[in-house]
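Remarks on the overall topology
Chain by chain, the residues run as shown.
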Amino acid sequence: MKYTVLLAAAALFGAVGLAAADPKADLQPNLPDKDAPVEIRVTTGDANKEIKAKVGEIIVVELESYAADNYYAWSEVPGRSDSVLELEQKDQQVRDFAIGVVRVGDKSTFRYLVKAPGKTELTFGCGRPWEQDKPPVSTFNVKIVAEAAEADATPAADTKTASSKTYEMGRDDNGKTLKIKVGDVIRVKLKSNRTTGYSWAIVSGKTDAKVLKSGEIEYAVDEHPAGMVGVGGNDFCTFTALAPGKTDISLGYARPWEKDKEPAQTFKLTVEVEGAAAPAAGAKADAKAAAPAKAEIRLTDKDNGKTVKVAVDGTVILSLESNITTGFSWTKADKVDKDILKLEKDDYMQSPNPNGLLGVGGTTVIVYRALKKGTAKIDLTYMQPWNPDSEFNTNYSVTVEVE
């Protein structure tokens, strides 16, 4: 008990020391990339539930295993449809220390990308990894229903249209020429092993930014037993077609600090972008006016200022990036018409933190249920409650039309 308390206290004092070193560290809100995909959290309490998600969203399954007691850990039981869900990351034994708690809880975290519409199941078994011939001491199962991503009613120039396509490219496509349309997306997947110091990077100046918009390169380690080192994975990079034209995608596999050396490997794809993709079959000219109210609306940071439609008894789910370790949180201005929208949930979920780092952010999830027809506005402010006039505060609002 004393050891646990001292360890937690040391971490607490360390956090205070870090804040003191930078007087602005607890004032500047730590908001991650606003274009980050929506993350849906699944925990032990969601056993046997049906989880709805949309293509492009991330499902994060976090299960307590208490490996510190009996070396138990969760592993996925075969049966998942790879065409619907793709495993991007698996982290074992995420330590969770708490003052006054003797047992040190561990977690197994699995991160999946929703690739395509469809239904599948996620099943996990908890046991000792070396006792493969024994039945698990516990099992966990959820059903996943994946739907197509919603098309933006007023798409910007760099937004996918209703009939845009995603092209999956890999090592075998090196040197090829690809013809696509405005709004289409190219997703390049290349084998990588960052434990060696090597990673794929975009070669500067080779891609015309007016034709293709490049995203950040993300790395996903391959599935592996807990504790194994030197495991490789894949680097992923996406490009969105913005305008007609011809340009190249050039990537190099190198150590970032070895500026004077040629990349160990290279990848090049010539891209010819034609005019905008044709409207989806049967699409009406005024899609916004014709679009029916939905039973569930999911909103993120990038939906700030929008007007959305939801059906009576439907739900509006806001997933907003936040970091309560900075003192900032999403504070509701109590102006929502409670006769139209009822607050059902207001939770904060910390992001996965396998290395036990201090100051890790997370997501605030706020859920409203539509009670009757009408219009209501949701106004939120990301702020420190004791500093309402700070220049770092961020306002967020959406108008909800209940039909």
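Now for a quick tour of the structure. What you see is a predicted model; the values in this text were computed from it and never measured.

**Considerations on the overall build of the protein chain**
Secondary structure summary: the protein chain contains three helices and 24 strands in total. The contacts in the protein chain between residues at least 6 apart in sequence include a share of 69% that link residues at least 24 apart.

**Points about the pattern of salt bridges**
Using the criterion set out here, one finds 23 salt bridges in the structure. Aspartate 46 serves as the salt-bridge partner of lysine 49, at 3.4 Å between the closest nitrogen and oxygen. Overall, lysine 49 belongs to the partly exposed group, its relative accessible area being 42%. With a closest N to O distance of 3.8 Å, arginine 111 and glutamate 88 form a salt bridge. Of this pair, arginine 111 sits in strand S6 (residues 107–114) while glutamate 88 sits in strand S5 (residues 85–91); the two residues are 23 residues apart in sequence, bridging distant segments of the chain. Given a relative accessible area of 10%, glutamate 88 falls into the buried group.

**Some remarks on the sheet that holds strand S7 (residues 118–127)**
On the basis of which strands lie adjacent, the open sheet formed by four strands has the order S2-S8-S7-S4 and mixed pairing. At either margin of the open sheet sits one strand with a lone partner, and together these are strand S2 (50–54) and strand S4 (73–77). The average angle at which neighbouring strand axes cross in this sheet is 30°, direction not considered.

**Things to note about unusual backbone geometry**
Of note in this structure, asparagine 48 is not a glycine but carries a positive phi near 70°. Looking at where asparagine 48 falls in the secondary structure, it is placed in the loop between strand S1 (39–42) and S2.

**Notes on the nonpolar core**
Ranked by size, the top nonpolar core spans 23 residues in total, and within it Leu299, Leu318, Leu341, Ile378, Leu380, Tyr396 and Val400 carry the most contacts. Contributions of two or more residues to this core are made by strand S18 (294–299), strand S19 (307–322), strand S22 (362–370), strand S23 (374–383) and strand S24 (394–402). With five residues, the single largest contributor to this core is S19. Discounting residues that sit within four places of it in the chain, leucine 341 has contacts with Val336, Tyr368, Arg369, Ala370, Ala376, Ile378, Val400 and Val402. The next biggest cluster of nonpolar side chains, apart from the first, holds 22 residues, and it includes Ile51, Trp74, Tyr112 and Val114.

Cut-off values and rules
Residues numbered from 1 in each chain as written. Predicted model: local features only at pLDDT ≥ 70, side-chain atom pairs only at ≥ 80, totals over all residues. Heavy atoms only, no water. Helix = DSSP H or I, 4+ residues; strand = E, 2+ residues; numbered from the N terminus. Contact = heavy atoms within 4.5 Å. Salt bridge = Lys/Arg side-chain N within 4 Å of Asp/Glu carboxyl O. Buried < 20%, exposed > 50% of the residue type's maximum accessible area, 1.4 Å probe, protein only. Pairing = 2+ DSSP bridges. Axes fitted to C-alpha atoms, helices over the stretch in contact; angles between N-to-C directions. Core = buried A, V, L, I, M, F, W, Y, C linked by side-chain atoms within 4.5 Å.

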